[in-house]
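Structural characterization, general
So you can see what is in the structure, the chains are spelled out below.
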Amino acid sequence: MAHWHNWSGRLKHKPGQLNHVYSEEQAAALALTCSNEDKTLRAVGGGHSHQDLVGNDDVIVDTLGLSGVISSDKAAQTAWVWAGSRIFSLGNALHQVGLALPNQGDIDQQSISGATATGTHGTGATLKNLSSRVVGTRLALADGSMINCSASENVELWQASRLHLGAFGIITQLQLALTPSYRLAEKTWQAPLSTLLEELDSYIANNRHCEFFWHPRTDTTQVKVINATDAPAQYPLGDEGQRQGWSYEVLPNHRPHKHTEMEYSVPAELGITCMAAIQKLLSDKFTNVKWPIEYRTLAQDDVWLSTAYERPTVTISVHQGIDEPDEDYYRACEEIFLAHGGKPHWGKANYLNGKEMAAQHPRWSDWWRVRDSVDPKGTFLNPYMHSIRP
Ligand SMILES: Cc1cc2nc3c(=O)[nH]c(=O)nc-3n(C[C@H](O)[C@H](O)[C@H](O)COP(=O)(O)OP(=O)(O)OC[C@H]3O[C@@H](n4cnc5c(N)ncnc54)[C@H](O)[C@@H]3O)c2cc1C
């Protein structure tokens, strides 16, 4: 029996097998064997999800061996990459061919397939999540076949699997829509929350990236803005907040302190009101929470299960240490998020059931219909996915 745990160590499982794959042939053979033996199969990338997307008693397959840039087209601004590539390994490799991701999240330790599985995003009111960058996918299905999908081939499979939750098959390759390499310069400063909220719309509108962390029971926020620059990279890069360099050098940060996290996306116009309600909750009731609240923006997209589906979005994240109780706190935050039209991040804590998810996502039944069509036996559904299925 193997042991597997996620990044925080909060989610632990002893699957019957922990496999690794290094080729598409291995991925397809494993998928077929699991299907024939009626075993559940879930892939894992960087293991950074807080939600139990990977855990099951049968088989977990580590896909990090499928790594690297396969091909690129500078004129079309696209590249095919192996799905298990860690985001940090793609930055310089894509830069060598003059391309870059238009945005990245807070860290770059996730695999590209794991990040697109859950709609991972950074901050920037004009910048979409990573799932929206997927223009082509190649995956190993439960019947042992390999299939390609894109906007011109198996179109519904592509639309559904851009944000895939690991539920369609083992993704082996992704084609990403990229942008020419660009340099960024970042700036951070502290500001009182009350003043910042008055100026926030203007910071968000006037900077490529804008985010802030608020420290509970203080009036202090740490604000960060990042903008494109023609100035040369400055090495050594220095600490977060002072860097000037290529996008993949400036966007990711170190987040070494183990925590759990709940994040909700709310309509952009309700962001500040929702933030104020969370602030009040912490001041009135959860007076021992020390972890900061993060506020970011996200452009609307057309990815079926995206939390920014057809609406400009603000994301608000609440955190707790891994040894600290979090459920009462998160449930109280969730109530506030839901009252503001919030949708939970797929890779983070939430307490919603399938019926509640269905009410939030207009393409919910389409997503499941397409998923079921390529995996009718449910080989790629683990207990969490069964708990939310229609
Ligand atoms: C410290 C930290 C910082 C974070 N920062 C951000 C942030 O800034 N923005 C944000 O949006 N999120 C953030 N997250 C959440 C994180 O980006 C997501 O949970 C993401 O899905 C993790 O990627 P991963 O490679 O670790 O995937 P995993 O957690 O390993 O897997 C996620 C899903 O992808 C599936 N999967 C992975 N690879 C494959 C494959 N090859 N084929 C099929 N299915 C596959 C898994 O089955 C699972 O369903 C953060 C998490 C942590 C712990």
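Residues numbered from 1 in each chain as written. Predicted model: local features only at pLDDT ≥ 70, side-chain atom pairs only at ≥ 80, totals over all residues. Heavy atoms only, no water.

Residues in close proximity to the ligand total 35 residues, the closest being A43, H48, S49, D106 and G114. Within the side chain of T118, an N or O atom sits 2.8 Å from an oxygen atom of the ligand. Taking T120, its side chain carries an N or O atom lying 2.8 Å from an oxygen atom of the ligand. Looking at which element gives the most residues to the shell around the ligand, the answer is helix α3 (residues 112-117), with four residues. Considering only residue class, the shell around the ligand consists of 10 nonpolar, 20 polar and five charged. Split by domain, the residues of the shell around the ligand number at least three in each of domain 1 (4-62) and domain 2 (69-180). (Near = heavy atom within 4 Å. Polar contact = N/O pair within 3.5 Å; in protein donor to acceptor, adjacent residues only side chain to side chain. Helix = DSSP H or I, 4+ residues; strand = E, 2+ residues; numbered from the N terminus. Nonpolar A, V, L, I, M, F, W, Y, C, P; charged D, E, K, R; others polar. Domains from an automatic or database assignment.)

Attention now moves to the packing of helix α7 (residues 271-284) against helix α8 (residues 327-339). Relative placement of two packed helices is described by the angle separating their axes and the distance separating the axes. Between α7 and α8, the least distance of the axes is 10 Å, while the angle of their chain directions is 150 degrees. One finds that α7 runs roughly antiparallel with respect to α8. With respect to the hand of their crossing, α7 and α8 are arranged in right-handed fashion. The residues of α8 that touch α7, namely those facing C274, A277, I278, L281 and L282, are Y329, A332, C333, I336 and F337. A class-by-class count of the residues in the contact of α7 with α8 yields 10 nonpolar, no polar and no charged. (Axes fitted to C-alpha atoms, helices over the stretch in contact; angles between N-to-C directions. Parallel < 35°, antiparallel > 145°, perpendicular 65-115°, else oblique. Left-handed = near helix turned anticlockwise from the far one by under 90°. Contact = heavy atoms within 4.5 Å.)

The next subject is the sheet that holds strand β4 (residues 41-44). The strand order across the open sheet built from three strands is β3-β5-β4, with neighbouring strands paired in parallel fashion. Where the open sheet ends on each side, the last strands, each with one partner, are β3 (17-20) and β4. Averaged over all neighbouring strand pairs, the angle between strand axes comes to 25 degrees, with direction disregarded. In terms of strand pairing, β3 meets strand β5 (residues 59-62) through four bridges, oriented parallel. In the strand pairing of β5, L18 is matched with I60. (Pairing = 2+ DSSP bridges.)

The final tally for this structure, using the stated rule, is nine aromatic pairs. Residues Y329 and Y330 carry aromatic rings whose centres are separated by 5.7 Å and whose planes lie at 35 degrees to one another, so their mutual orientation is tilted. Judged by its relative accessible area of 1%, Y330 is buried. When the centroid spacing of 5.2 Å and the interplanar angle of 80 degrees are considered together, the rings of W367 and W368 count as edge-to-face. Residue classification places W368 among the buried positions, given a relative accessible area of 2%. Here the aromatic cluster, defined as three or more aromatic residues joined through ring pairs, consists of F168, W346, W364, W367 and W368. Of note, R183 hangs over the ring of W246, and the distance from its end group to the ring centre comes to 4.7 Å. Positioned over the ring face of Y351 is R331, at 4.0 Å from the centre of the ring. (Phe/Tyr/Trp six-rings, centres within 6.5 Å; stacked < 30°, edge-to-face > 60°. Buried < 20%, exposed > 50% of the residue type's maximum accessible area, 1.4 Å probe, protein only. Lys NZ or Arg CZ within 6 Å of the ring centre and 35° of its normal.)

This brings us to the domain arrangement of the protein. Size of an interface, as often reported, equals the accessible area lost when the parts are brought together. For the protein, the assigned domains read domain 1 (4-62), domain 2 (69-180) and domain 3 (183-344). On a C-alpha basis, the centres of domain 2 and domain 3 stand 24 Å from each other. Carbon and sulfur atoms make up 54% of the area that domain 2 and domain 3 hide from each other, which totals about 2500 Å². Scanning the region where domain 2 abuts domain 3 turns up three salt bridges. Counting the contacts that link domain 2 with domain 3 gives 14 residue pairs in polar contact (both at pLDDT 80 or more). Residue assignment for the side of domain 2 that touches domain 3 shows that the elements contributing at least two residues are α2 (87-95) and α4 (155-161). When its residues are assigned to classes, the side of domain 2 that touches domain 3 shows nine nonpolar, 15 polar and five charged. (Buried area = accessible area lost by both parts, 1.4 Å probe. Salt bridge = Lys/Arg side-chain N within 4 Å of Asp/Glu carboxyl O.)

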